[in-house]
Amino acid sequence: LFSRAGRVFLQIGNLKDAKKVFKKAEAENEKISEPEHKMTSQILLNSGLIALTENEFDNAMQDFEAVMNLERAARARESLNPEAEGALLPGGGARAGCNSRTEEEEDPALGLGRDPGILAAAATDHAAAALYACGLAPAIAKLEELVREDPARNLGDAAVFTLGTLYDLHSDNRAAQRRKRTLERVARRYQLDDLAPAAFRLSAP
């Protein structure tokens, strides 16, 4: 709850109160004794968001990279335990034609523990930090890597919109449209019907 409140403060430009609330989240996390219940990824994500807001792009990217590494390790552990909630399908990633998003993933506030959407959030924020640091190509590569890992779980509205924006900045219009239509085909293949059509930023044919 503290982390969500802090993000709201950041969205309205209140950096001072965001820092205070994030500090409270960190303090509460320190009180948790069981490692599996600690919200380490969320705390690192908060730190990265503060660094990004303060234009400390290298520090922000380090925090977001750390979040991605932690979450990938957590998913790997889930894949080894088929009874774990939210475990990946055998072979890595979700099977084409199956939408593996659960109700909890679509609204993490409904569940307890690790936020299943935090990996995609960290990758999107990493791409934004890389863009601000004049690293357009690395920003695209990082986000595309995440999508390839597991399209059904990682190709959300934010990832689609961010990639579309990066394609527009990186390529001429024809190339950008081609890459965005590839994203659209991937979404159809994995039956991601909840994606907003506007997120693809496609021009009219």
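Structure report, in brief. Not measured: the values here are computed from a predicted model.

1. So, the overall build of the chain
Part 1 of the argument: Across its full length, the chain holds 10 helices and 0 strands.
Part 2 of the argument: Secondary structure elements of the chain occur, N-terminal to C-terminal, as α-α-α-α-α-α-α-α-α-α.
Part 3 of the argument: Each of the 205 residues in the chain was classed as buried or not, and the buried ones make up 40%.
Part 4 of the argument: Of the contacts made within the chain by residues no fewer than 6 positions apart, 61% connect residues no fewer than 24 positions apart.

2. Thoughts on the nonpolar core
Part 1 of the argument: Grouped together as the largest cluster of nonpolar side chains are 42 residues, with contacts concentrated most on Leu45, Phe64, Leu155, Leu163 and Leu195.
Part 2 of the argument: Put simply, the parts of the chain that give this core at least two residues each are helix 2 (15-30), helix 3 (40-53), helix 4 (57-80), helix 6 (118-132), helix 7 (136-149), helix 9 (157-170) and helix 10 (173-189).
Part 3 of the argument: Of the residues forming this core, the biggest block, 8 residues, is contributed by helix 6.
Part 4 of the argument: Two domains share this core, each providing at least three of its residues, namely domain 1 (1-78) and domain 2 (135-204).
Part 5 of the argument: For Leu163, the residues in contact, after removing those within four places along its chain, are Ile140, Leu143, Glu144, Val147 and Leu183.

3. Looking at the packing of aromatic side chains
We describe a pair of aromatic rings using the distance from one ring centre to the other and the angle between the two ring planes.
Part 1 of the argument: Evaluation of the coordinates by the stated rule reveals 1 aromatic pair.
Part 2 of the argument: With centroids separated by 5.6 Å and ring planes inclined at 25 degrees, the aromatic side chains of Phe57 and Tyr132 adopt a geometry described as stacked. With Phe57 in helix 4 and Tyr132 in helix 6, the pair connects residues that are 75 residues apart, well separated along the chain.
Part 3 of the argument: For Phe57, a relative accessible area of 18% puts it in the buried group.
Part 4 of the argument: Owing to a relative accessible area of 54%, Tyr132 belongs among the exposed residues under this scheme.
Part 5 of the argument: Arg201 extends its terminal NZ or CZ atom over the ring of Phe161, reaching a point 5.2 Å from the ring centre.

4. Focus: helix 10
Part 1 of the argument: Taking 1.5 Å per residue as the helical rise, helix 10 with its 17 residues ought to reach 24 Å, and the 24 Å between its terminal C-alpha atoms agrees with that figure.
Part 2 of the argument: Inspection of helix 10 places Ala175, Ala176, Gln177, Lys180, Leu183 and Ala187 among the buried residues, and these make up the whole buried set.
Part 3 of the argument: With a side-chain oxygen positioned 3.1 Å from the backbone nitrogen of Arg174, the residue opening helix 10 is Asp172.
Part 4 of the argument: One or two steps after helix 10, the chain reaches Gln191, where phi turns positive at roughly 55 degrees.

5. Some words on the side chain of Thr162
Part 1 of the argument: Along the polypeptide, Thr162 turns up in helix 9.
Part 2 of the argument: In this structure, Thr162 is in contact with Thr124, Ala127 and Leu143, ignoring residues within four places of it in sequence.

6. Focus on helix 2
Part 1 of the argument: Between its terminal C-alpha atoms helix 2 stretches 23 Å, which fits the 22 Å expected from 16 residues at 1.5 Å a residue.
Part 2 of the argument: Considered for burial, the residues of helix 2 that qualify are Ala18, Val21, Phe22, Ala25 and Asn29. End-on, the buried residues of helix 2 take up no more than an arc of 100 degrees, which puts them together on one face. Of the residues in helix 2, the exposed ones pointing more than 90 degrees away from the buried face are Lys16, Lys23 and Glu30.
Part 3 of the argument: Those residues of helix 2 that are buried lie in contact with helix 1 (2-11) and helix 3.

7. Observations regarding the environment of Lys24
Part 1 of the argument: With respect to the helices and strands, Lys24 occurs in helix 2.
Part 2 of the argument: Overall, the relative accessible area of 48% leaves Lys24 in the partly exposed class.
Part 3 of the argument: Between the alpha carbons of Lys24 and Ser3 there is a distance of 8.7 Å; along the sequence they are 21 residues apart.

8. Examining the packing of helix 1 against helix 3
Part 1 of the argument: Contact geometry for helix 1 and helix 3: axes closest at 11 Å, N-to-C directions at 10 degrees. For the element pair helix 1 / helix 3, the angle class is roughly parallel. Along its contact with helix 1, which presents Ser3, Arg7 and Leu10, the element helix 3 presents Gln42, Asn46, Leu49, Ile50 and Thr53.
Part 2 of the argument: Among the residues forming the contact of helix 1 with helix 3, the class breakdown is 3 nonpolar, 4 polar and 1 charged.

The rules behind these values
- Residues numbered from 1 in each chain as written.
- Predicted model: local features only at pLDDT ≥ 70, side-chain atom pairs only at ≥ 80, totals over all residues.
- Heavy atoms only, no water.
- Helix = DSSP H or I, 4+ residues; strand = E, 2+ residues; numbered from the N terminus.
- Buried < 20%, exposed > 50% of the residue type's maximum accessible area, 1.4 Å probe, protein only.
- Contact = heavy atoms within 4.5 Å.
- Core = buried A, V, L, I, M, F, W, Y, C linked by side-chain atoms within 4.5 Å.
- Domains from an automatic or database assignment.
- Phe/Tyr/Trp six-rings, centres within 6.5 Å; stacked < 30°, edge-to-face > 60°.
- Lys NZ or Arg CZ within 6 Å of the ring centre and 35° of its normal.
- Expected span 1.5 Å × (residues − 1).
- Polar contact = N/O pair within 3.5 Å; in protein donor to acceptor, adjacent residues only side chain to side chain.
- Arc of directions from axis to C-beta.
- Axes fitted to C-alpha atoms, helices over the stretch in contact; angles between N-to-C directions.
- Parallel < 35°, antiparallel > 145°, perpendicular 65-115°, else oblique.
- Nonpolar A, V, L, I, M, F, W, Y, C, P; charged D, E, K, R; others polar.

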